[in-house]
Amino acid sequence: VSLFQILPVAHTKIHPDQKLGESVQQLLLAKIAVYLMTFLIVTVAWAAHVRLFQVIELIDDVLALLNLACMMIITFLPYTFSLMASFPEVPFGIFLFSVCAVVIGLIQAVIVVYGFYHPHLLNQQIQVSENQNFYKRHILKIILRGPILCLLAAIFSFFFIPLSYVLLGLVIVFPHLTQFITWCKTKIVGQRDEEEAHHSLETFTFYLSEPLSKERVEAFSDGVYAIVATLLILDICEDNVPDPTEVEEKFHGSLLEALSEYGPNYLAYFGSFVTIGLLWFVHHSLFLYVTKATRLMGLLNILSLAFIGGLPLAYQLTSEFAEKSHNEIEAIQVSCVITFFASIFQFAIWTTALLHEKETLHPFARYGGKEHAFMFAKLALYPCVSLGAFFLTCLLSEFSTAIFHLMQIVIPFAFLALRIFVRISLTVIKSVMSLSRRKVVLLEEEEACLSPTET
């Protein structure tokens, strides 16, 4: 659902005689901003849904129907986003999106209340706990804080739309803001009383306040990559099948000749698919060595996935303006920027994990580990290449298409040769360092020989 929201952005019609710079300012920029915000809001709703079914483990008919109603509203969200993106200054779009978010939260709250009214449906740890009311309040607080902000956004949408967008933005940062405030309060006030500490211990052991598990993060990420890759072929099927009448009249029935006109589109498709596949490969390699995902790592991963979801837009731009036009350079630069941010947030996950490497990383990937240098090179490759391609297209605008396609062709081979390159580089560095150490030792020995003998 979060990814289908990119479709209205990717399918924004830009005429070849219209400069892309003006189009980005008038059409794409607002849509991209709204897409990023709504993508993150949907991921917050997904996280709350995961927390909900950490509490409720068994499902009866009533819960199944309630959850089905919740899923129905969630699948309606891309349509409300289309209204928001197409009419950002009209209140009804943001009102409808906010109301849907409120309804989703209310249904989830009803599921919680129903579950606690039938304790046999709950997690075993909660069933035997004496603090069921505490768990109930805690999960309701997690679920309802977003819908409350969305309700305020819906109300203010008819009076002051910018405030509504601010309130929707708070839905994204609120969990991290409350965690920061709690941390500051603990540092200033000190330890909490015994009862609160006991509750906190129970909450910690049940992972209601902890970051989502590594497995959950990986499963969500794999789903995003798979759907983004699938969206590319949908565009090929929709826009690149010639009309039978045109084939008969214009190409005298030669389908192969008609398909040759779509050559740049196929090249853009395969290039975009390779980019998605390699970014998934880097993500998989990273989480192969991650033992625990922190809250900040989860946020950075979601930001990376948001830009991964923008790759269908990159495909649309590069395929539509493959021939020489006013928009060619701008389209390629937008694609480079999307790829850069998708990959740089992956690199940020790695650097964040290194800050708490004993908790978050396998020993092989820590400082000094045998895979540390290789992981660094693998994660740095796409940000460096995409940023380099961006600046090269600025300096050598006549060769922008060649530079972009060369980047897409070279990177797979670069990944294949990366381990060999890293090993050679490490060997050279070690040899240089050992030579320098030997020189230092020889100099010390010469100085010792030349110095007067003590008697």
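Residues numbered from 1 in each chain as written. Predicted model: local features only at pLDDT ≥ 70, side-chain atom pairs only at ≥ 80, totals over all residues. Heavy atoms only, no water.

- Per an unreviewed UniProt entry, the protein carries the name Endosomal/lysosomal proton channel TMEM175 and comes from Pygoscelis adeliae.
- If you open the UniProt record of the protein and go to Subcellular location (unreviewed entry), you find "Membrane".
- Recorded in UniProt under Sequence similarities (unreviewed entry), the annotation for the protein is "Belongs to the TMEM175 family." (UniProt positions renumbered as here; feature names shortened; annotations may be inferred.)

1. Section: the overall build of the protein
Here is step 1: Along its length, the protein carries 18 helices and 0 strands.
Here is step 2: Out of the 455 residues in the protein, the part that is buried amounts to 44%.
Here is step 3: In the protein, once contacts between residues fewer than 6 apart in sequence are set aside, the share between residues at least 24 apart is 78%.
Here is step 4: Counting only carbon and sulfur atoms, one obtains 68% of the accessible surface of the protein, whose full area is about 24500 Å². (Helix = DSSP H or I, 4+ residues; strand = E, 2+ residues; numbered from the N terminus. Buried < 20%, exposed > 50% of the residue type's maximum accessible area, 1.4 Å probe, protein only. Contact = heavy atoms within 4.5 Å. Areas by Shrake-Rupley, 256 points an atom, 1.4 Å probe, with all protein chains shown as cover.)

2. Notes on the packing of aromatic side chains
Here is step 1: Under the defined criterion, the tally for this structure stands at 9 aromatic pairs.
Here is step 2: Taken together, a centroid distance of 5.4 Å and an interplanar angle of 45° make the contact between phenylalanine 76 and tyrosine 79 tilted. On the criterion of helical spacing, the pair formed by phenylalanine 76 and tyrosine 79 is a turn pair, its members being 3 residues apart in helix α3 (residues 61–86).
Here is step 3: Judged by its relative accessible area of 36%, phenylalanine 76 is partly exposed.
Here is step 4: Within the aromatic cluster, the residues linked to one another by ring pairs are Phe307, Phe340, Phe341 and Phe345. (Phe/Tyr/Trp six-rings, centres within 6.5 Å; stacked < 30°, edge-to-face > 60°.)

3. Observations concerning helix α17 (residues 372–395)
Here is step 1: Its 24 residues give α17 an end-to-end C-alpha distance of 34 Å, which sits within 8% of 34 Å, the value for a rise of 1.5 Å per residue.
Here is step 2: At alanine 380, α17 shows its largest bend, some 35°, and a proline, proline 383, comes one to four positions later. (Expected span 1.5 Å × (residues − 1). Bend = angle between axes of the 7 residues up to and from the residue.)

4. Some details on the environment of leucine 288
Here is step 1: In this structure, leucine 288 sits in helix α12 (residues 263–288).
Here is step 2: In sequence terms leucine 288 and glutamate 218 are 70 residues apart; their C-alpha atoms lie 9.8 Å from each other.

5. Digging into the packing of helix α4 (residues 91–117) against helix α7 (residues 161–189)
Here is step 1: It is the contact of α4 with α7, at a shortest axis distance of 11 Å, that shows an interaxial angle of 25°. Judged on the interaxial angle alone, α7 and α4 are roughly parallel. For α4 against α7, the interelement crossing comes out left-handed. Residues Pro91, Ile94, Phe97 and Ser98 of α4 pack against Ile161, Ser164, Tyr165 and Leu168 of α7.
Here is step 2: The residue makeup of the contact of α4 with α7, split by class, is 6 nonpolar, 2 polar and no charged. (Axes fitted to C-alpha atoms, helices over the stretch in contact; angles between N-to-C directions. Parallel < 35°, antiparallel > 145°, perpendicular 65-115°, else oblique. Left-handed = near helix turned anticlockwise from the far one by under 90°. Nonpolar A, V, L, I, M, F, W, Y, C, P; charged D, E, K, R; others polar.)

6. Considering the nonpolar core
Across soluble globular proteins, you tend to see nonpolar side chains buried next to one another.
Here is step 1: Core analysis: the biggest nonpolar cluster contains 98 residues, and Ile56, Phe116, Leu168, Leu286, Ile308, Leu311 and Trp350 have the highest contact counts within it.
Here is step 2: Lining this core are residues from two domains, each supplying at least three of them: domain 1 (4–209) and domain 2 (214–438).
Here is step 3: Ignoring anything within four residues of it in the chain, the contact list for isoleucine 308 reads Val224, Tyr225, Val228, Leu279 and Ala342. (Core = buried A, V, L, I, M, F, W, Y, C linked by side-chain atoms within 4.5 Å. Domains from an automatic or database assignment.)

7. Thoughts on a nonpolar patch on the surface
Here is step 1: Taken together, the side chains of Ile148, Leu151, Leu152, Ile155, Phe156, Phe158, Phe159 and Phe160 present a nonpolar region at the surface, about 810 Å² in accessible area.
Here is step 2: According to the relative accessible area criterion, phenylalanine 159 is exposed, its value standing at 67%. (Patch = residues over 30% accessible without salt bridge, like charges linked within 9 Å, V, L, I, M, F, W, Y side chains within 5 Å. Salt bridge = Lys/Arg side-chain N within 4 Å of Asp/Glu carboxyl O.)

8. Concerning the environment of threonine 38
Here is step 1: Structurally, threonine 38 can be placed in helix α2 (residues 20–55).
Here is step 2: Each C-alpha atom, one on threonine 38 and one on isoleucine 172, is 9.2 Å from the other, the two residues being 134 residues apart in sequence.

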